[in-house]
Amino acid sequence: MGLDAKLLSIFGDDMFSEFVKAETKEAGVDLQHSLFQKDSRQGLYLGLMNNDGSMELGLSDIDAMENFPLDYIKEKKHVFARAQLVVLDCNIGQAAMEAAMEVCTGKIYIDAVSARKAVRAKPFLGRFDTLKLNRFEAAALSGMKTDTESDLKRVADCFLATGVRRVILMLG
């Protein structure tokens, strides 16, 4: 795509970490600013889908992301500050999310990732450009119903009213 993509994330030193690093590098993503931890394993997510493509079950083991080191974000402040676009997901804790937002000068996109974790973005509504979430995550973050099309429109309007410029709301 011709983009200069960098991934600032945490990698373990297990076999799966090596696989993810190799595939990410092959896709042209720069990993030089990622954090590589010894004696730890790569975070994993497994989604089980049904025949119509809807998720039936999601399992995750991403403890490293929950405790994303704040000093790492401060150390990489220059990378965040030069980025035109930063994508954060709600797997990281609120403190890490806030630290990243403080040093970002470009647009920030938030991916809610789950209904349980979506609420981590609540204190920052209006501080980012784009919010991507599904209807369950939207219900958790807004505290509103998302059962009907009109409910979904109201929820999207609620997010837009906070200053979020774009809401990507999926039905699944």
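Residues numbered from 1 in each chain as written. Predicted model: local features only at pLDDT ≥ 70, side-chain atom pairs only at ≥ 80, totals over all residues. Heavy atoms only, no water.

Draft legend 1. Inspection of a nonpolar patch on the surface at higher detail. On the surface, Tyr45, Met49 and Met55 cluster together to form a nonpolar patch covering roughly 360 Å² of accessible area. Examined against the element boundaries, Tyr45 turns out to sit in strand β3 (residues 44–49). With a relative accessible area of 53%, Tyr45 lands in the exposed category. (Patch = residues over 30% accessible without salt bridge, like charges linked within 9 Å, V, L, I, M, F, W, Y side chains within 5 Å. Areas by Shrake-Rupley, 256 points an atom, 1.4 Å probe, with all protein chains shown as cover. Salt bridge = Lys/Arg side-chain N within 4 Å of Asp/Glu carboxyl O. Helix = DSSP H or I, 4+ residues; strand = E, 2+ residues; numbered from the N terminus. Buried < 20%, exposed > 50% of the residue type's maximum accessible area, 1.4 Å probe, protein only.)

Draft legend 2. Main features of the nonpolar core. Core analysis: the largest hydrophobic core is formed by 33 residues, its most contacted members being Ile73, Leu88 and Ile110. The dominant element in this core, judged by the number of residues it contributes, is helix α5 (residues 94–103), at 6 residues. Discounting chain neighbours no more than four positions away, the residues touching Ile73 are Phe68, Phe80, Ala96, Ala99, Ala100 and Val103. (Core = buried A, V, L, I, M, F, W, Y, C linked by side-chain atoms within 4.5 Å. Contact = heavy atoms within 4.5 Å.)

Draft legend 3. Examining the side chain of Ser9 more closely. Within the secondary structure, Ser9 sits in the segment before β1 (10–11). Aside from chain neighbours lying at most four places away, what touches Ser9 is Ser34, Leu35, Met65, Phe68 and Tyr72.

Draft legend 4. Here's a closer look at the pattern of salt bridges. Taken as a whole and assessed by the stated rule, the structure comprises 9 salt bridges. Here Glu75 makes a salt bridge to Lys76, at a shortest N to O gap of 3.9 Å. The salt bridge involving Asp129 is made with Arg165; its shortest N-O contact spans 2.9 Å. Placement of Asp129 in the loop between α6 (115–118) and β7 (130–134) and of Arg165 in the loop between α8 (149–161) and β8 (166–170) is noted, with a sequence separation of 36 residues between them. A relative accessible area of 7% places Asp129 in the buried class.

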